[in-house]
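If you want the building blocks of each chain, they are given just below.
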Amino acid sequence: MLTQLGGIIYLISRRTHPLIIQKVTRPILQPLAKIGAFMLIYLFSTVLIIPLLAKPFGRVPLPVFRKDGLQPLRLTTCLLNRHYVRPALKTAALDIALKMNRFHPGTAVNYLDGGFPFFNSFPMLPHLSHNDGKKLDLAFLYIDKTSGMPSDNAPSVIGYGVCETPRPGEINTAESCREQGYHWYSVLQQIAPQGNKHKYVFDSLRMRALMTVIIYHPAIHKVFIEPHLQTRLQLESDKIRFHGCYAVRHDDHIHIQL
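Residues numbered from 1 in each chain as written. Predicted model: local features only at pLDDT ≥ 70, side-chain atom pairs only at ≥ 80, totals over all residues. Heavy atoms only, no water.

A few words on the pattern of salt bridges. Taken as a whole, this structure holds nine salt bridges when the rule is applied. One salt bridge connects Arg178 with Glu175, and the closest N-O pair in it is separated by 2.6 Å. Taken together, the residues Arg178 and Glu175, both in helix α6 (residues 173-179) and three residues apart, mark about one turn of the helix. For Glu175, a relative accessible area of 31% corresponds to the partly exposed category. It is possible to trace a salt-bridge network through shared partners that takes in Glu164, Glu170 and Arg232. (Salt bridge = Lys/Arg side-chain N within 4 Å of Asp/Glu carboxyl O. Helix = DSSP H or I, 4+ residues; strand = E, 2+ residues; numbered from the N terminus. Buried < 20%, exposed > 50% of the residue type's maximum accessible area, 1.4 Å probe, protein only.)

What follows is the structure, given as structure tokens:
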């Protein structure tokens, strides 16, 4: 459910259990040795095997380390095999980050979930549509409140759920969806820790620049962002759509797709 392949790798790692029981004589250490064997096989597969096997399925991994300004917000995204996309989307994401750095040098464009390495239509929870390698989420850009400088980080420990909520007078889609009975719309906000929110300020200047680069990129067909942020950032484009109340709120990330 989380990694697409973790269960298969676990079954493979069980082949090492007879050897571990034979070599590790202290029973208290055997569970640790079994966990260690699984983790080693999992990391070996994630780094060296899965990227090669994903190519025939039309998937490539996004860069694990910063390249042309593009990087994962959290390394766990890569460790969970959630950073695979179509080659065209990888090219577009790198191009977007590179162009963004021409407007605002040094900006880190942080990506969140992309897709799994194998098969179309394999569900990536909690997303509804990240199942074909054509979709990618990008983190918002923030200012560090203490230093007043642009930050490469974001307030959410999982990348999602810390929202730039509507201001008085702005469209409140979350409230509207809740009144219609879509209680899952804000579920990630309820799950994600909010302790870091006060440390960051939503960077409207760089966010408008990033969104402009995205909507003018010829490879990008559709963009999801919460309506009140589209209005706040003064964005006009047919590519910007409302994702619907049956999804989750998008005032914590940007969704782009081919």
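With respect to the helices and strands, Asp251 occurs in the loop between β10 (240-241) and β11 (253-257). Classification of Asp251 as buried rests on a relative accessible area of 0%. Within the structure, the side chain of Asp251 is placed 2.7 Å from the side chain of Arg249, a separation counted as a polar contact. Each residue touching Asp251, except ones within four places of it in the same chain, is listed here: Phe140, Val162, Cys163, Glu164, Thr165, Pro166, Glu226, His228 and Leu229. (Polar contact = N/O pair within 3.5 Å; in protein donor to acceptor, adjacent residues only side chain to side chain. Contact = heavy atoms within 4.5 Å.)

Quick look at the sheet that holds strand β6 (residues 142-144) now. Read across the sheet, three strands follow the order β7-β6-β8 without closing on themselves; strand pairing throughout is antiparallel. Each edge of the open sheet carries a strand with a single partner, namely β7 (150-151) and β8 (200-202). Judged from the two bridges that link them, β6 and β7 form a sheet pairing that is antiparallel. When the bridges of β7 are listed, Ile143 appears paired with Pro150. (Pairing = 2+ DSSP bridges.)

Right, let's get into the packing of helix α5 (residues 87-103) against helix α8 (residues 204-215). Running from amino to carboxyl end, α5 crosses α8 at an angle of 135°, the nearest separation of the two axes being 10 Å. When the axis of α5 is compared with that of α8, the two are oblique. For the pair α5 and α8, the sense of crossing is right-handed. Here Ile96, Lys99, Met100 and Phe103 of α5 lie close against α8, whose contacting residues are Arg206, Ala209, Leu210, Val213 and Ile214. Looking at the contact of α5 with α8 residue by residue, the class counts come to seven nonpolar, no polar and two charged. (Axes fitted to C-alpha atoms, helices over the stretch in contact; angles between N-to-C directions. Parallel < 35°, antiparallel > 145°, perpendicular 65-115°, else oblique. Left-handed = near helix turned anticlockwise from the far one by under 90°. Nonpolar A, V, L, I, M, F, W, Y, C, P; charged D, E, K, R; others polar.)

Moving on, we get to the environment of Gln230. Assignment of secondary structure puts Gln230 in helix α9 (residues 227-232). Once the C-alpha coordinates of Gln230 and Arg208 are considered, the two residues, 22 residues apart in sequence, prove to be 9.1 Å apart. Once you skip the residues sitting within four places of it in the chain, Gln230 turns out to touch Ile225, Leu235 and Ile240.

So, about the side chain of Gln4. Along the polypeptide, Gln4 turns up in the segment before α1 (6-13). Take Gln4: its relative accessible area is 12%, and that puts it in the buried class. A distance of 2.6 Å separates the side chain of Gln4 from the backbone oxygen of Phe118, its partner in a polar contact. When residues no more than four places from it in sequence are discounted, the contact partners of Gln4 are Phe116, Pro117, Phe118, Phe119 and Phe122.

By definition, a disulfide is the covalent link that joins the sulfur atoms of two cysteine residues. The full count for this structure, using the stated rule, is one disulfide. Bridging Cys177 to Cys245, the disulfide has an S-S length of 1.9 Å. Its S-S torsion of about -70° marks the bond between Cys177 and Cys245 as left-handed, since a negative value means left-handed. One end of the pair, Cys177, is in helix α6; the other, Cys245, is in the loop between β10 and β11, with 68 residues separating them in the sequence. By relative accessible area, Cys245 is classed as buried at 11%. Sulfur of Cys163: no disulfide; nearest cysteine sulfur belongs to Cys177 and is 12 Å away. The exposure class assigned to Cys163 is buried, which follows from its relative accessible area of 3%. (Disulfide = S-S within 2.5 Å.)

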